[in-house]
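Structural features, examined
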Amino acid sequence: MPSQPSKTLDSFPNPQPGRDFTIHIRIPEFTCLCPATGQPDFAELHLQYVPEAACVELKSLKNYIWSYRDQGAYHEAVTNRILDDLVAALQPRFMRLTADFNVRGGVYTQVVAEHRAEGWSPSAPVSLPPPTRS
């Protein structure tokens, strides 16, 4: 059965709920329509999140992103809507969505939207020395 656009986001249980780890997903083929002109807008989306109880199922994410192809949306609105839908489906500890839109009329747009669960704070980064040569 071929895939279809869908607004449904499926998930699966976090395999390591006791550990903070980051999932990075690159979506290079996002498209929507400019609400002013009806022309297509193209973007590369970068999703980063620290899951709580659930992780997003990738085929459902692909079909969800596909569902925007024929919808008019301003860059800022669509980026925040996608983040809100993902947060509602997954309830992550942290999530960041960066949308890098292709040039249009000599203007590049990048929209970054974030969610942080109440009471969650990231671990301190670990700084390791560079490897030594033997």
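Check the entry above for the structure.
The paragraphs below set out a description of the structure included in this document. All values derive from a computational prediction rather than experimental measurement. (Residues numbered from 1 in each chain as written. Predicted model: local features only at pLDDT ≥ 70, side-chain atom pairs only at ≥ 80, totals over all residues. Heavy atoms only, no water.)

**A closer look at the layout of surface pockets**
Our working definition: Cavities and pockets were defined on a 1 Å grid built from protein atoms only: a cavity is a group of points that admits a 1.4 Å probe but offers it no way out, a pocket is an open group of points flanked by protein on both sides within 12 Å along at least five of seven lines, and a lining residue is one with an atom within 4 Å of any such point. Grid points are joined across faces, edges and corners, and a volume is the space filled by probe spheres set on the points. In this description a helix means any DSSP run of H or I spanning at least four residues, a strand means any run of E spanning at least two, and both kinds are numbered starting from the N terminus. Residues are grouped as follows: Ala, Val, Leu, Ile, Met, Phe, Trp, Tyr, Cys and Pro are nonpolar; Asp, Glu, Lys and Arg are charged; all remaining types, including Gly, are polar.
Roughly 220 Å³ of internal volume is contained in the largest pocket. In terms of lining residues, the largest pocket is bounded by 13 residues, among which I27, E29, K62, I65 and W66 are the most central. Taken together, the elements giving at least two residues each to the lining of the largest pocket come down to β2 (23-33) and α1 (58-66). By residue number, the principal contributor to the lining of the largest pocket is β2, which donates 7 residues. Classifying every residue of the lining of the largest pocket gives 8 nonpolar, 1 polar and 4 charged.

**Describing the sheet that holds strand β3 (residues 40-50)**
Our working rule: Whether two strands pair depends on DSSP finding at least two bridges between them. Angular values range over 0 to 180 degrees, each being the angle between N-to-C directions of two axes fitted as lines to C-alpha atoms, with helices fitted over their stretch in contact. When checking whether two residues touch, look at their non-hydrogen atoms; a contact exists if any pair is within 4.5 Å.
Pairing in this open sheet of 4 strands is antiparallel, and the strands run β2-β3-β5-β6 from one edge to the other. Because the sheet does not close on itself, it has two edges, and the strands there are β2 and β6 (107-116). Strand-to-strand twist in this sheet, taken as the mean axis angle between neighbours without regard to direction, amounts to 15 degrees. Summarising the sheet, β3 and strand β5 (residues 94-104) pair through 8 bridges and their orientation is antiparallel. Counted as the bridge partner of Q48 is R96 from β5. On top of the sheet, α1 reaches β2 and β3; it is set at about 25 degrees to β2, its chief contact. Packing against the sheet, helix α2 (residues 75-90) makes contact with β2, β3, β5 and β6, and its axis sits at approximately 155 degrees to β5.

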